[in-house]
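Observations on the model geometry
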Amino acid sequence: MATVKIWTDAEAEADPRVKAVFDDIRATRKTDFVNNVWRALAGQPAVLETTWAQVKAVIATESALDPLTKELIYMAVSVANGCSYCAHSHTASARAKGMTEAQYQDFLAVIGLASQTNALVTALQVPVDPEFEV
């Protein structure tokens, strides 16, 4: 259950700042769907505007990383941070960007292995090899 109000489309339409962001989300993503994270942030229009601007600049803007790679990175960080919402939403986005079931299974194997080996190396306090330091 949400700890904040999840805004409806009617409520968003009544607030010009929220409406502008929701309209931009729809236009940028080429969909009528505005997911709950944006609806939850609508109670704080300044945070909504800033957060959407950052997401749009990093995730929705063409760059050196392809869109699927960005989603995979976002998924891995979301899993590491324990954010179920973000893991689910970015898995859906990755699938929409062409992630296959085989890629998803490989991805899960890699983050599972990384979690395991990170824990071992942290517990053992292994020093970083000088060759790896930049």
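No experiment lies behind these values; they were computed from the predicted model shown.

Digging into a nonpolar patch on the surface
A cluster of nonpolar residues, Leu120, Val121, Leu124 and Val126, forms a patch on the protein surface that exposes about 370 Å² of accessible area. Here Val126 is to be found in the segment after α7 (101–124).

A word on the UniProt feature "domain: Carboxymuconolactone decarboxylase-like" (unreviewed entry) in the protein
What UniProt calls "domain: Carboxymuconolactone decarboxylase-like" (unreviewed entry) maps, in this numbering, to residues 49–126. Within residues 49–126, the helical portion is 79% and the strand portion 0%, while the C-alpha atoms at the span's ends are 42 Å from each other.

Re the environment of Lys5
Within the secondary structure, Lys5 is located in the segment before α1 (9–13). As a C-alpha pair, Lys5 and Val55 span 50 residues in sequence and 21 Å in three-dimensional space. At 2.8 Å, the side chain of Lys5 and the side chain of Glu11 are in polar contact.

Calculation criteria
- Residues numbered from 1 in each chain as written.
- Predicted model: local features only at pLDDT ≥ 70, side-chain atom pairs only at ≥ 80, totals over all residues.
- Heavy atoms only, no water.
- Patch = residues over 30% accessible without salt bridge, like charges linked within 9 Å, V, L, I, M, F, W, Y side chains within 5 Å.
- Areas by Shrake-Rupley, 256 points an atom, 1.4 Å probe, with all protein chains shown as cover.
- Salt bridge = Lys/Arg side-chain N within 4 Å of Asp/Glu carboxyl O.
- Helix = DSSP H or I, 4+ residues; strand = E, 2+ residues; numbered from the N terminus.
- UniProt positions renumbered as here; feature names shortened; annotations may be inferred.
- Polar contact = N/O pair within 3.5 Å; in protein donor to acceptor, adjacent residues only side chain to side chain.

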